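Listed here are the chains, written in short residue letters.
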Amino acid sequence: VTGVQTCALPISEGQHILQPRRRPLAFPEVPILSFILEFFSKGGPFMYLILIVSVIAAATVVERGYMVLLRFNINGASFMAQIQKLVMANNIDRAIKLCNAESTAALTRVLKAGLTRANRGKDDIENAIEEATLEVVPQVKKRTAYLSMWANVATLTGLLGTITGLVQAFKAVGAAAAADKQEMLANGISVAMYTTAFGLVVAIPTMICHSIIENRTKNLIQDVDQYSVKLTNLLTAHKRGTLKDSE
């Protein structure tokens, strides 16, 4: 953003024209960096511990959010409907190719294991699906539980900083010289308040993200359980030649 200032330029003797001249407008700087530095300096060493926890929690949220909400995710009902149509049309190979096209999703990996055993007995199909499920489910649930732990660690670290700050404040009142009491009391209360606030600032969003990711994780696992059973029954009926009757 610039301001405009005019200046006179000579055209001929006795004549002038006003020419706009631009100059930058000065805006007051927002002391964000100084506020952050003051925030940490008054909060004491526990602030840096909470900061480390927040970085780890944020990295876990990003990684788990990507895996659960994007990489492992698929519309289970829609995908299963396509698989069912292909199986009923006796087109198992195309159903397997459809699973390969969505190879990163948790559900497709389990269904593919069953489809590759489509010409075998029910026990073989169930064993293949169970083996794939035991492989996929831990990957879906991986590290999600740590989010709750990091939220608790942030809260408890803030509480520990609060207790430390209050101890400092009580020492200031009881043992310090009269001239130093006010400053030491203020420092102790600052540590108590800042660490509590920062711990909650980290813990609350982490708990919210944990709830969202955990809920989506449960839905993915439910889809795997539900549609794997449906596929087992579908393939069994297909092999027996009773598929139309069963449907």
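Parameters at a glance
Residues numbered from 1 in each chain as written. Predicted model: local features only at pLDDT ≥ 70, side-chain atom pairs only at ≥ 80, totals over all residues. Heavy atoms only, no water. Helix = DSSP H or I, 4+ residues; strand = E, 2+ residues; numbered from the N terminus. Buried < 20%, exposed > 50% of the residue type's maximum accessible area, 1.4 Å probe, protein only. Contact = heavy atoms within 4.5 Å. Areas by Shrake-Rupley, 256 points an atom, 1.4 Å probe, with all protein chains shown as cover. Expected span 1.5 Å × (residues − 1). Axes fitted to C-alpha atoms, helices over the stretch in contact; angles between N-to-C directions. Parallel < 35°, antiparallel > 145°, perpendicular 65-115°, else oblique. Left-handed = near helix turned anticlockwise from the far one by under 90°. Nonpolar A, V, L, I, M, F, W, Y, C, P; charged D, E, K, R; others polar. pLDDT = per-residue confidence, 0-100. Patch = residues over 30% accessible without salt bridge, like charges linked within 9 Å, V, L, I, M, F, W, Y side chains within 5 Å. Salt bridge = Lys/Arg side-chain N within 4 Å of Asp/Glu carboxyl O.

**What about the overall build of the protein?**
Phase 1: Helices and strands together make up the secondary structure of the protein, namely nine helices and two strands.
Phase 2: Counting from the amino terminus, helix and strand elements in the protein follow one another as β-β-α-α-α-α-α-α-α-α-α.
Phase 3: For the protein, the residues scored as buried account for 36% of the 247 residues in total.
Phase 4: Pairs at least 24 residues apart make up 65% of the contacts formed inside the protein by residues separated by at least 6 positions.
Phase 5: With the model as given, the accessible surface of the protein reaches about 15,400 Å², and the carbon-plus-sulfur share is 60%.

**Comments concerning helix 2 (residues 46-71)**
The α-helix advances 3.6 residues per turn, and as a result positions three or four apart in sequence lie on the same side.
Phase 1: The end-to-end C-alpha distance of helix 2 is 36 Å, a good match for the 38 Å that 26 residues give at a rise of 1.5 Å each.
Phase 2: Buried within helix 2 we find Phe46, Met47, Ile50, Val53, Ser54, Ala57, Thr60, Val61, Arg64, Gly65, Met67 and Val68.

**Considerations on the environment of Arg216**
Phase 1: Along the chain, Arg216 falls in helix 8 (residues 178-240).
Phase 2: The class of Arg216 is buried, set by a relative accessible area of 19%.
Phase 3: Sequence separation between Arg216 and Gly65 is 151 residues; the distance between their C-alpha atoms is 9.4 Å.
Phase 4: Setting aside residues no more than four positions away along its own chain, Arg216 makes contact with Val68, Leu69, Asn73 and Ile74.

**Considering the packing of helix 5 (residues 106-115) against helix 6 (residues 122-141)**
Phase 1: Between helix 5 and helix 6, whose axes approach to 7 Å, the crossing angle comes to 160 degrees. When the axis of helix 5 is compared with that of helix 6, the two are roughly antiparallel. Judged by the sense of rotation from one axis to the other, the crossing of helix 5 with helix 6 is right-handed. In this structure, helix 5 contributes Ala106, Arg109, Val110, Ala113 and Gly114 to the contact, and helix 6 contributes Ile125, Ala128, Ile129, Ala132, Thr133, Glu135, Val136, Gln139 and Val140.

**Here's the deal with the packing of helix 4 (residues 92-101) against helix 5**
Phase 1: With their axes 9 Å apart at the nearest point, helix 4 and helix 5 run at an angle of 155 degrees to one another. As far as their axial angle goes, helix 5 and helix 4 are roughly antiparallel. Both helix 4 and helix 5 take part in a crossing whose hand is left-handed. From helix 4, Ile92, Ala95, Ile96, Cys99 and Asn100 reach across to helix 5, where they touch Thr108, Leu111, Lys112 and Leu115.
Phase 2: Split by residue class, the contact of helix 4 with helix 5 holds six nonpolar, two polar and one charged.

**Some points on unusual backbone geometry**
Phase 1: We note that Asn90 has phi near 60 degrees; this positive angle belongs to a residue other than glycine.
Phase 2: Note on placement: Asn90 falls in the loop between helix 3 (76-88) and helix 4.
Phase 3: Residue Arg143 is not a glycine yet carries a positive backbone phi of 65 degrees.
Phase 4: Positionally, Arg143 belongs in the loop between helix 6 and helix 7 (144-175).
Phase 5: Exposure remark for Arg143: the relative accessible area of 34% places this residue in the partly exposed category.

**Some words on the confidence of the model for the protein**
Phase 1: Taken as a whole, the protein shows an average pLDDT of 83; of its residues, 80% reach a score of 70 or greater.
Phase 2: Confidence, read as mean pLDDT per element, is least for strand 1 (residues 2-12) in the protein (51) and greatest for helix 5 (95).
Phase 3: In this model residues 25-30 is a low-confidence stretch, pLDDT under 50, and it forms four contacts with partners more than four residues away in sequence or in other chains.

**What to know about a nonpolar patch on the surface**
Phase 1: On the surface, Leu156, Leu159, Ile163 and Val167 cluster together into a nonpolar patch covering about 360 Å² of accessible area.
Phase 2: In this structure Leu156 comes out as exposed when scored by relative accessible area, which is 54%.

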